[in-house]
Amino acid sequence: MRLIGTVTPGLPLLVVAVEEESAYLDGRFPVLLTGMGKINATAALATVLAGGDRPSEIVNLGTAGALRSGWAGTHLVSRVLQHDLDSRVLNLLTGRTFGGPIELGPEPGPVLATGDLFVSDPEARDRLARSADLVDMEGYALATVAVRAGVPIRLVKHVSDEAGEGAARTWRESVDGCAKILADWVHTRL
């Protein structure tokens, strides 16, 4: 975890998993580097929000795998779910729902599936494609922390790969270009 800059009530906090995704951000806004995965994302954002001033909003910028061929570009996520928690079984055991989907706003947009698994297997991709459009490793965790803290959040994802065979190689090859596009999104939208 590393916070670059100072969290200020009137400014958004930009949250990314790794330095590669933040390479072209210009320092106008504070940036939180969380590390990869749900636990790192949760711990980093919760620590920053508990530390004092709160941002006007949280903007999670990052790469995502497409769960269907043809998905490309930058997307504002409308709904996020957790794909590696078996909510159905937990509900049967306890009668309560844990880790249900989070609605992020009324605007139409893709559904993001988050889990602590880098999806590079075609069978896993096809299974996830039944309930989501994109996949990442931090979005759900960040949305959970933000919602519980009462801070607005946007998840902005740029497609880096097709979450299938060769996804890891494709991510390494495309992350720099994705970072440029995400920085452009920040410059034109914030």
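Look above for the structure.
Residues numbered from 1 in each chain as written. Predicted model: local features only at pLDDT ≥ 70, side-chain atom pairs only at ≥ 80, totals over all residues. Heavy atoms only, no water.

### Topic: the packing of helix α2 (residues 38-50) against helix α5 (residues 139-149)
Here's step 1: One can describe the packing of α2 onto α5 by two numbers: an axis separation of 8 Å at closest approach and a directional angle of 25 degrees. Relative to α5, the element α2 lies roughly parallel. For the crossing formed where α2 meets α5, the hand is right-handed. Residues Lys 38, Ala 41, Thr 42, Leu 45, Ala 46 and Leu 49 of α2 lie in contact with α5, whose contacting residues are Ala 141, Leu 142, Val 145, Ala 146 and Ala 149.
Here's step 2: Its residues assigned to classes, the contact of α2 with α5 shows nine nonpolar, one polar and one charged. (Axes fitted to C-alpha atoms, helices over the stretch in contact; angles between N-to-C directions. Helix = DSSP H or I, 4+ residues; strand = E, 2+ residues; numbered from the N terminus. Parallel < 35°, antiparallel > 145°, perpendicular 65-115°, else oblique. Left-handed = near helix turned anticlockwise from the far one by under 90°. Contact = heavy atoms within 4.5 Å. Nonpolar A, V, L, I, M, F, W, Y, C, P; charged D, E, K, R; others polar.)

### Concerning the pairing of strand β8 (residues 111-114)
Residues in a regular strand point their side chains to alternate faces of the sheet.
Here's step 1: Every second residue of β8 is oriented toward a common face, with Val 111 and Ala 113 on one face and Leu 112 and Thr 114 on the other, all of them buried.
Here's step 2: Pairing of strand β6 (residues 79-82) with β8 involves four bridges; the strand directions are parallel. Its bridge partner lying in β8, Leu 81 is registered against Ala 113.
Here's step 3: In this sheet, strand β9 (residues 134-136) lies alongside β8 in parallel orientation, the contact comprising three bridges. If you follow Ala 113 over to β9, its bridge partner there is Val 135.
Here's step 4: Handedness of the β-α-β unit built from β8, helix α4 (residues 122-128) and β9 comes out right-handed. (Buried < 20%, exposed > 50% of the residue type's maximum accessible area, 1.4 Å probe, protein only. Pairing = 2+ DSSP bridges. Right-handed = clockwise from strand over helix to strand, strands pointing away.)

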